[in-house]
Amino acid sequence: MPRVILHVDMDAFFASVEQRDNPEYRGKPVIVGSAPDQRGVVCAASYEARKFSVRSAMPSRTAGKLCPDGIFVRPRMDAYREESRHIMEILRATSPWLEKMSVDEAYLDLSGLFEGREQDDALAAAVPLGREIKRRIVEERGLTASIGIGSNKFLAKLGSDFQKPDGLTMIPDATKVQFLRPLALRAIPGVGPVTAEALESRGLRTIGDVQDTTLELGDAVGSYALRLRRLAFGDDDRPLDFSEDRKSISSETTFREDTDHRPTLRAALKELAADVAGTLDQHRTGALTVQVKLRYSDFTTLTRQIRVDEPVTGADEIYRAACYLLARDKLVTGPLRLLGIGVSGFLPPSAQMALPFSTEET
């Protein structure tokens, strides 16, 4: 059976919802996040704002300097989650085999619709389905999405990024190696600044360079070398996860520039906690374990967790638990590349919450 995977990625989702719901914002640079005169970060930026180099996770003050005429809007997570619910319903009408990655992106497995076809014939036949999904999202929700179609998750995700916004890209299996050759190494999942620098120091700058090299890549990227080579040739055997029973809920952000600026980290933690709390509320559950995740400039990644006596449900509770973990183990010892919060151990929420530590802000 051929494998046909679609990746659907909403275009500038938070900002696009704000532009749709507020006609006066349309065509203008909308920045979702804290006001520029407050401590906080950018959650999302419209394409008009991105022309000024405004990006998510950027300090709002920086965004205000780059885009003085930007319209700053406080996030409305409830509205975005509700909109996400409608989008996912449209996707499930095409295929029930869906892996939701976040509020604004998901993978669809359409392989069963094309049994008996050759691989590239099946991919071509999926293109009209991609167009139909885009049409419904525009007509029913007033938003646009970009879609990638490929024989695996890597190629599908690459396709959805290729012609944003409002794009549709199918990558045939027969030409995937040639398609990948000119792309920068950063297009490969797992290749961040440190890995890219290690590869570039060996003269490897494009995916084609990795395809052609006879160098031992383990010297540069360790155990990631085998996966790097496979992805460079467009091979990715990761399955989709269709399970409805979530074992954990998490949210994380990668900073545009590594930072140990405490106000920026606190603001990011509050946004992450609000996102996790919103998902808990959507599932009508609470969590007994709170975890923080940090990735430093050298890509060292640490996690720490704490179990509480009664299930947490609210953003403030989750935020305080995360701050406690950071302070308890003195984790912020240098600039951070990534910061995340996760919860697990789900139970129905109780009326009261007892934290086993001080609730003073860290």
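Note that this is a predicted model, so its numbers are computed, not measured.

1. What to know about the overall build of the chain
Move 1: Assigned secondary structure in the chain consists of 13 helices and twelve strands.
Move 2: In summary, the chain has a C-alpha radius of gyration of 21 Å against a globular reference of 21 Å for 362 residues, a match within 12%.
Move 3: If you line up the chain on its principal axes, its C-alpha atoms span 60 × 50 × 45 Å.
Move 4: Across the 362 residues of the chain, 48% fall into the buried class.
Move 5: Here the analysis covers contacts within the chain between residues at least 6 apart in sequence; of these, 67% occur between residues at least 24 apart.
Move 6: Just so you have it, the chain exposes about 17300 Å², and 47% of that area is on carbon and sulfur atoms.
Move 7: Here the chain holds 49 positive side-chain charges and 53 negative ones, and the gap between their average locations is 3 Å.

2. Here's the deal with the layout of surface pockets
Move 1: In this model, the second largest pocket occupies a volume close to 250 Å³.
Move 2: Contributing to the lining of the second largest pocket are twelve residues, with Ser34, Arg39, Arg266, Ala267 and Lys270 lying nearest its centre.
Move 3: Its residues placed into classes, the lining of the second largest pocket shows four nonpolar, two polar and six charged.

3. Focus: the sheet that holds strand β3 (residues 42-45)
Move 1: An order of β3-β2-β4 is seen for the three strands of this open sheet, with the pairing classed as mixed. Of all the strands in the sheet, the pair left with one neighbour each is β3 and β4 (71-73). Averaged over neighbouring strand pairs, the angle between their axes works out to 25° when direction is ignored.
Move 2: Together, β2 (30-33), β3 and β4 form the strand contacts of helix α1 (residues 13-21), whose direction differs from that of β2 by roughly 115°.

Rules of the game
Residues numbered from 1 in each chain as written. Predicted model: local features only at pLDDT ≥ 70, side-chain atom pairs only at ≥ 80, totals over all residues. Heavy atoms only, no water. Helix = DSSP H or I, 4+ residues; strand = E, 2+ residues; numbered from the N terminus. Rg over C-alpha atoms; globule rule 2.2 N^0.38 Å. Buried < 20%, exposed > 50% of the residue type's maximum accessible area, 1.4 Å probe, protein only. Contact = heavy atoms within 4.5 Å. Areas by Shrake-Rupley, 256 points an atom, 1.4 Å probe, with all protein chains shown as cover. Lys, Arg positive; Asp, Glu negative; His and termini not counted. Charge placed at Lys NZ, Arg CZ, Asp CG, Glu CD. 1 Å grid on protein atoms, 1.4 Å probe; cavity = no way out; pocket = protein on both sides within 12 Å on 5 of 7 lines; lining within 4 Å. Points joined across faces, edges and corners; volume = space filled by probe spheres on them. Nonpolar A, V, L, I, M, F, W, Y, C, P; charged D, E, K, R; others polar. Pairing = 2+ DSSP bridges. Axes fitted to C-alpha atoms, helices over the stretch in contact; angles between N-to-C directions.

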